[in-house]
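Architecture and fold: a report
Chain residues, written in single-letter form:
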2 protein chains.
Amino acid sequence: MKGKATSFDIAHLAGVSQSTVSRALRNSPLVKAETIEKVQRIARELNYKVDKHASSLRSQQSATLALLLFEDPTTDDSLINPFFLSMLGSITRACARQGFDLLVSFQQLSDDWHADYEDSHKADGIILLGYGDDVDYQPKLKQLDQQGTRYVRWGPLSEGRGLSVGCDNRQGGQDASQHLIALGRRRIAFIGNASHHYPEFFARYQGYVRALLEAGLSIEPALQQDAITTEQAGFDAVTTLLDRGTDFDAIFAASDLIAVGAMQALQARGLRVPDDVAVVGFDDIPVARFASPPLTTVRQDTKRAGEQLVESLVRQIRGEPVRSVTIPTQLVPRKSCGEA
Amino acid sequence: MKGKATSFDIAHLAGVSQSTVSRALRNSPLVKAETIEKVQRIARELNYKVDKHASSLRSQQSATLALLLFEDPTTDDSLINPFFLSMLGSITRACARQGFDLLVSFQQLSDDWHADYEDSHKADGIILLGYGDDVDYQPKLKQLDQQGTRYVRWGPLSEGRGLSVGCDNRQGGQDASQHLIALGRRRIAFIGNASHHYPEFFARYQGYVRALLEAGLSIEPALQQDAITTEQAGFDAVTTLLDRGTDFDAIFAASDLIAVGAMQALQARGLRVPDDVAVVGFDDIPVARFASPPLTTVRQDTKRAGEQLVESLVRQIRGEPVRSVTIPTQLVPRKSCGEA
DNA sequence: CTGAAAGCGCTTACAG
DNA sequence: CTGAAAGCGCTTACAG
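Residues numbered from 1 in each chain as written. Chains lettered and ligands numbered in written order. Predicted model: local features only at pLDDT ≥ 70, side-chain atom pairs only at ≥ 80, totals over all residues. Heavy atoms only, no water.

Following the UniProt record, one finds the feature "domain: HTH lacI-type" (unreviewed entry) at residues 5–59 of chain A. Note that residues 5–59 of chain A is 67% helix and 0% strand, and that its end C-alpha atoms are spaced 20 Å apart. (UniProt positions renumbered as here; feature names shortened; annotations may be inferred. Helix = DSSP H or I, 4+ residues; strand = E, 2+ residues; numbered from the N terminus.)

Written as structure tokens, this is what we have:
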């Protein structure tokens, strides 16, 4: 047998038609059980695999999802938020389980990624995962909607924009802040962008605001300092706060990366965590547990999130009813707030 | 126009044949410049994209690479060594630059991944990236070789086994150990598996041995403690060493994950890093810089490595001459050894 | 339960 | 420089 075997080769060997081979390989109930068995045995012997392109071309579906990861600004060529990376594992596994392949691509938010994958039939649908200015993001989503592209996005609900899967950021932010308050902290800084440009961070900030107000504390603008989600930004933000002479006894960082950078900045200035300043992060990335001190944080369940993203997209592709989903978060107390 | 536009639609609008459209879209020198221009303009207007499956089926190449990531034993469903993840970024970018799509899949080393992607024409070649027992790995590689599958593997040269790209682990291990010796450390523990089951770790160990012997130090078996590449394994290994009463003033950990876990274990026992025990890791994963104290380590250039993996595989696919590549490492001194 | 036939949307010899 | 035609390897009505 030269070259790869085809369904015709199997048909010949099995003494049936190629149509029957095609049906048998997909366990069609139309085919007699013993025919299925014979065909599949021969296929196995020939190490035959259905040609992906031929079957996709004919059936007009590729059994492939595309994952678009983007991050703007990208601090470094290869630095991707570990939070997204940890979702990647869960997404690939969920895809495999559903019988889909996964195409992965990293992009700048600023790139022209909004077409291509579905138009060229490379993928049946797109998973969008990333961090960047929502004001730049929305027009791209709008274009996807207009094109009728099937996609699901990690992030908060966004009115009039397709399907999303996201965490309850507001509740998570409130839990984190209440935790600090319960431990007796009163001057709690929020490190992270708090505007509609970064809706997830903004929701966490809103949770923070709500917790403080409920505890009878006032909201001081001086205690909020912008930072994108990198260690460097966290380091810089805390340094700025300290240079400015702002007084605080706790930090709620909008992400673990920020928190890790923040702890570094505190320790570089000789401040002790948690004795002088307690720190809470958000995400529970793998580093959090091994930071020094181990970081109290708000866990986003990446396993469940990845599975949900894939499931929502696949259901959408199949034409089944779908709706956006919000996943609860969970506070994980560690030593950075003083727990044992 | 209902449904997606095809090359026939463009042909009709441009007043040329479909063959000419196909050529024009790929900038064939056979086609008159103005025809190319007209065809491409119309294609753009229609938001036309070449159907990936049709073109792949006809041309018998998919312009897609498959990345197989595996890790055994997998400690956690979603925990993947950040070192591999950071290569992922570089690999996707290199693929895009070369005009290839990238299919990503996570597998257990124990899974049956050794076929499928190329057989079903999903990918033109495979990039293998992972960590696991080499004794389990080799038979799979052998099978790939026998099938004539085009692949490239991250790791050391392996006689009679296809193409590889890897770091100079022995030299890296030697550099790390010499660094500790130069700082006056004399009782240096090696944490990591040091057998042919884990050739990369073993090469690092050999570098360690060489450095010690060159410095006139003896190799004490009690100073070597097995660990796979997880924080937990590093933590456990150091705990074992301490429980056993082994005396040491430095640790060379076979990976950063091990090193981070090791530092945790030391600090949990009240030992100071670097005062009591200096620590060097391997990889320079993002965490290393933000560990406490920041971790001295041997950097593997993941950007270059990813690019090289893609380039080697693409050249192999194109039938160009290729050979395995070894990339140099670089010592990155940080505070875990006492540097400023 | 099975087969003959059409056709998915391209690329690429072949002919001019 | 361009066109008519074949064919990549499947899936799926259609007919029996």
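It is worth spelling out the domain arrangement of chain A at this point. Entries for chain A in the domain assignment read domain 1 (7–50), domain 2 (64–165 + 302–325) and domain 3 (169–300 + 332–337). Distance from the C-alpha centre of domain 1 of chain A to the C-alpha centre of domain 3 of chain A: 61 Å. (Domains from an automatic or database assignment.)

Looking now at the pairing of strand E3 (residues 125–131) of chain A. Residues in a regular strand project their side chains so that they alternate between the two faces of the sheet. Residues and elements named next belong to chain A. In terms of residue burial, E3 counts as a mostly covered element, since seven of its seven residues are buried. Residues Gly 125, Ile 127, Leu 129 and Tyr 131 line one face of E3 and the alternating positions Ile 126, Leu 128 and Gly 130 line the opposite face, and both faces are buried. Note: E3 against strand E4 (residues 151–154), three bridges, orientation parallel. By the bridge assignment for E4, Leu 128 is matched with Arg 153. Taking the sense of rotation as the criterion, the β-α-β connection linking E3, helix H6 (residues 134–147) and E4 turns out right-handed. (Buried < 20%, exposed > 50% of the residue type's maximum accessible area, 1.4 Å probe, protein only. Pairing = 2+ DSSP bridges. Right-handed = clockwise from strand over helix to strand, strands pointing away.)

The next thing to look at is the protein's contact with DNA strand C. Around DNA strand C lies a shell of 27 residues, among which Arg 23 and Arg 58 of chain A together with Gln 18, Ser 22 and Arg 58 of chain B are the nearest. Note that a sugar or linking oxygen of DNA strand C is positioned 2.6 Å from one of the side-chain N or O atoms of Gln 60 of chain A. Taken together, the elements giving at least two residues each to the surface near DNA strand C come down to helix H2 (18–25) and helix H4 (52–59) of chain A together with helix H2 (18–25) and helix H4 (52–59) of chain B. In terms of residue class, the surface near DNA strand C is made up of eight nonpolar, 12 polar and seven charged. (Near = heavy atom within 4 Å. Polar contact = N/O pair within 3.5 Å; in protein donor to acceptor, adjacent residues only side chain to side chain. Nonpolar A, V, L, I, M, F, W, Y, C, P; charged D, E, K, R; others polar.)

Moving on to helix H6 (residues 134–147) of chain B. Residues and elements named next belong to chain B. The end-to-end C-alpha separation of H6 is 20 Å, in line with the 20 Å expected for 14 residues at 1.5 Å each. Turning to H6, its buried residues number three or more, namely Asp 134, Tyr 137, Gln 138, Lys 140, Leu 141 and Leu 144. On its buried face, H6 sits against strand E1 (64–71), strand E3 (125–131), strand E4 (151–154) and helix H8 (199–214). The N-cap residue of H6 is Asp 133: its side-chain oxygen and the backbone nitrogen of Val 135 are 2.8 Å apart. (Expected span 1.5 Å × (residues − 1). Contact = heavy atoms within 4.5 Å.)

Right, let's talk about the protein's contact with DNA strand D for a bit. What surrounds DNA strand D is a group of 27 residues, the closest being Ser 7, Gln 18, Ser 22 and Arg 58 of chain A together with Arg 23 of chain B. Between Arg 23 of chain A and DNA strand D, the recorded distance is 2.7 Å, taken from a side-chain N or O atom to a base nitrogen. Counting only elements with at least two residues in the surface near DNA strand D, the list comes to H2 and H4 of chain A together with H2 and H4 of chain B. Along the lines of polarity and charge, the residues of the surface near DNA strand D split into eight nonpolar, 12 polar and seven charged.

This part is about the sheet that holds strand E7 (residues 224–225) of chain A. In any sheet, the strands associate via hydrogen bonds between backbone groups, in a parallel or an antiparallel arrangement. All names here are of chain A. Spatially, the four strands line up as an open sheet ordered E7-E6-E8-E9, and their pairing is parallel. Two strands lie at the open edges of the sheet, namely E7 and strand E9 (278–280), each paired on one side alone. Contacts from helix H8 (residues 199–214) reach strand E6 (188–191), E7 and strand E8 (250–253) within the one sheet, and its direction differs from that of E6 by about 170°. (Axes fitted to C-alpha atoms, helices over the stretch in contact; angles between N-to-C directions.)

Attention shifts here to the interface of chain B and chain A. Between chain B and chain A, the contact holds 51 residues from the first and 51 residues from the second. Interface area, chain B with chain A, both sides summed: about 4700 Å², of which 58% is carbon and sulfur. Considering only the surface of chain B that becomes buried against chain A, His 53, Arg 93 and Phe 290 of chain B emerge as the three largest contributors, covering 16% of it. The tally of links from chain B across to chain A stands at two salt bridges. Two residues, Asp 101 of chain B and Lys 122 of chain A, come together in a salt bridge whose shortest N-O distance is 3.2 Å. At the junction of chain B with chain A, the criterion picks out 12 residue pairs in polar contact (both at pLDDT 80 or more). Those elements that provide at least two residues to the side of chain B that touches chain A are H4, helix H5 (82–98), strand E2 (101–107), helix H9 (231–243), helix H10 (256–268), helix H11 (286–290) and helix H12 (302–317) of chain B. Top contributing element to the side of chain B that touches chain A by residue count: H5 of chain B, with six residues. (Buried area = accessible area lost by both parts, 1.4 Å probe. Salt bridge = Lys/Arg side-chain N within 4 Å of Asp/Glu carboxyl O.)

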